[in-house]
Every structure is written in structure tokens, then in C-alpha cells.
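What follows is each chain in one-letter form.
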Amino acid sequence: MNLDARRYADATQRNRQPILEILQRILPPEGNILEISSGTGQHAVFFAAELVNHDWYPSDPDPLSRDSIAAWRNHHPSDNLHDPLDIDAMTSCWAIENEKISIDAITQCQAFCLIANINMIHISPWKACLGLMAGANRLLSAGGILYLYGPYKRNGQHISPSNEMFDRSLRSRNFQWGVRNLEDVVAIAESEDLELQEVVAMPANNLSVIFRKQ
Ligand SMILES: C[S@@+](CC[C@H](N)C(=O)[O-])C[C@H]1O[C@@H](n2cnc3c(N)ncnc32)[C@H](O)[C@@H]1O
């Protein structure tokens with residue numbers, strides 16, 4: 001294991017505590033959590049250490065991110081933190097479904113109590129949001145939660161000048177990226193049996209968006 005594979009993101013370090021406080025409030029007492037787009041793995045090691053009654057399954061389609069997640073896990077091992085999975089939200093069948101990964105707890109219940117997706121849907125094509133919602137519908141247990149975090153427009157309007165600038169820089173990097181309109185995201189979620197429960201204003205003009213599987 002190359003410990004230098006660990007990557008570091010400032011924003012992840014800053015937003016982890018406010019996100020943890022939301023997760024602690026909305027999670028059931030125990031269960032499996034799937035994280036889509038774990039990135040560096042900093043969130044995974046932090047949340048798994050705090051949420052000891054839950055099993056945390058990180059994932060990312062990027063091999064260097066998976067190396068980073070594994071390296072962070074090696075540095076801060078938790079019994080409830082699992083190997084990173086190779087999941088691309090855009091695909092219609094995720095690794096955890098088609099590779100028949102032998103995770104006893106998951107194969108027994110075939111479901112997660114929460115899927116977490118932090119800062120992805122504006123930095124990926126819209127198809128990733130569609131795939132995320134479809135996957136959440138397939139893999140969440142009834143009453144399970146899809147937790148999203150990131151910047152959003154509301155009714156087509158940016159909620160701050162800094163978000164507008166960020167949106168412009170995202171689109172200049174990749175025409176398929178951009179800050180999404182919350183109402184569009186909610187419409188897709190509803191088409192996948194995910195009902196909007198709560199929108200929470202978070203630091204730095206981000207939102208926590210919480211859906212519940214019907
Ligand atoms: C800005 S990073 C956020 C990482 C982490 N969630 C965090 O907050 O630190 C965006 C992540 O989304 C991942 N990503 C991009 N497209 C994706 C897709 N189609 N499916 C799953 N993850 C994707 C990238 O590999 C990257 O790790």
C-alpha cells in the first residue's frame with residue numbers, strides 16, 4: 001500500500017462536521033451506508049469513525065480516488081469502513097449489484113438505509129444525476145434516505161454571486177457540468193419514488209437535500 005496515494009481536499013475537511021451533524025440526526029440507529037463519489041476518502045474515514053453502528057461502503061469510478069480512499073482507510077482503519085467500490089453512477093447496474101460482492105450484511109438485506117452523495121452532481125454530466133436517482137431507487141430499503149450535498153440553483157436562480165461564478169467556471173471546464181436547479185433534481189427523484197423530505201441550508205451557500213424512498 002502506497003500511503004502517498006492519499007489525496008486531500010480543503011472543502012471536504014471544512015464541510016465534514018456540519019454534514020456529520022445532519023447524518024446523525026437523520027440516520028436510523030444502524031444499517032449500511034453506500035457513498036457514491038467518495039473522492040479523496042476523507043469523508044469516509046471521518047464518518048465511519050463517528051457512525052460506529054453503521055457500515056460505510058465508499059465508492060468512486062476514478063482509480064486514483066479509490067487508491068486514495070484505500071490509503072486513508074489504511075491510515076485510519078475502522079472495522080465498519082469497507083474497501084472502496086468501483087461505481088459509476090451513470091451506469092444502469094452498479095458494481096455492488098452485478099459483481100455479486102459477498103458482503104453478508106448487504107446480500108442478506110439487499111438494501112442500504114442511506115446513500116450519500118456529496119459534491120458530485122454539478123461536477124459530472126446530468127446523466128450521473130439520473131443514474132444516481134435510479135440506483136437509489138434500486139438499492140435503498142423502503143424508508144431509506146438519499147442524502148445529497150452541494151450547491152444548487154433554486155427556481156432557476158443562483159442563491160449567491162459566488163455560486164454563479166463557480167457555475168461559470170465549472171461550465172468552462174466541461175460543458176456537461178454546472179450547478180443544477182434544485183427543482184429539476186427533485187423532479188427526477190420523484191420519478192424514482194424518492195420523496196423530498198428536507199432542504200437544509202449549509203455553510204458556504206451549499207444545501208443538504210434529503211429524500212426518502214417510498
Ligand atoms: C468534487 S469531487 C467530491 C468528492 C467527495 N464526495 C468530496 O466531497 O470530497 C467529485 C467526485 O465525483 C466523482 N464522480 C464524477 N463522475 C461520477 C460518476 N458518474 N459516478 C460516480 N462518481 C463520479 C469523481 O470521481 C470525484 O471523486
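In the block above lies the structure referred to throughout.
Residues numbered from 1 in each chain as written. Predicted model: local features only at pLDDT ≥ 70, side-chain atom pairs only at ≥ 80, totals over all residues. Heavy atoms only, no water.

Here we take up the site of the ligand. Surrounding the ligand, one finds 19 residues, the nearest of these being Thr12, Ser37, Asp60, Asp88 and Ile118. Ala89 places a polar main-chain atom, nitrogen or oxygen, 2.8 Å from a nitrogen atom of the ligand. Ile118 is positioned with one of its backbone polar atoms (N or O) 2.8 Å from a nitrogen atom of the ligand. When isolated, the ligand has an accessible area of 590 Å², and the protein chains bury 82% of it. When grouped by side-chain class, the residues that make up the shell around the ligand number eight nonpolar, eight polar and three charged. (Near = heavy atom within 4 Å. Polar contact = N/O pair within 3.5 Å; in protein donor to acceptor, adjacent residues only side chain to side chain. Areas by Shrake-Rupley, 256 points an atom, 1.4 Å probe, with all protein chains shown as cover. Nonpolar A, V, L, I, M, F, W, Y, C, P; charged D, E, K, R; others polar.)

Once that is clear, we can look at the pattern of salt bridges. Evaluation of the coordinates by the stated rule reveals six salt bridges. Here Arg66 ties to Asp86 by a salt bridge, and the two come within 3.2 Å at their closest N and O atoms. You can see Arg66 sitting in helix H3 (residues 63-75) and its partner Asp86 sitting in the loop between H3 and helix H4 (95-98), a full 20 residues away along the chain. Owing to a relative accessible area of 18%, Arg66 belongs among the buried residues under this scheme. Its salt-bridge partner being Asp83, residue Arg73 comes within 2.5 Å of it at the nearest N-O pair. With Arg73 in helix H3 and Asp83 in the loop between H3 and H4, the pair connects residues that are ten residues apart, well separated along the chain. (Salt bridge = Lys/Arg side-chain N within 4 Å of Asp/Glu carboxyl O. Helix = DSSP H or I, 4+ residues; strand = E, 2+ residues; numbered from the N terminus. Buried < 20%, exposed > 50% of the residue type's maximum accessible area, 1.4 Å probe, protein only.)

The pairing of strands in a sheet comes from backbone hydrogen bonds and takes either a parallel or an antiparallel form. One open sheet accounts for six strands, arranged E2-E1-E3-E4-E8-E7; its pairing is mixed. The sheet is open, and its two edges are formed by strand E2 (54-57) and strand E7 (194-202), each paired on a single side. For this sheet, the mean inter-axis angle between neighbouring strands, taken without regard to orientation, is 20°. Where strand E1 (residues 31-36) meets strand E3 (residues 112-118), four bridges bridge the pair, whose relative direction is parallel. Among the inter-strand pairings, Glu35 is bridged to a residue of E3, identified as Ala116. This element, helix H6 (residues 126-139), spans E1, E3, strand E4 (140-150), E7 and strand E8 (206-213) of the sheet and lies at about 150° to E4. (Pairing = 2+ DSSP bridges. Axes fitted to C-alpha atoms, helices over the stretch in contact; angles between N-to-C directions. Contact = heavy atoms within 4.5 Å.)

For the rest of this paragraph, the subject is unusual backbone geometry. Positive phi is not limited to glycine here, since Ser37 has a value of about 65°. A residue is classified by how much of its surface remains accessible, and Ser37, at 14% relative accessible area, is buried. In this structure, Asn205 is a non-glycine residue whose phi angle is positive, near 60°. With respect to the element layout, Asn205 can be found in the loop between E7 and E8.

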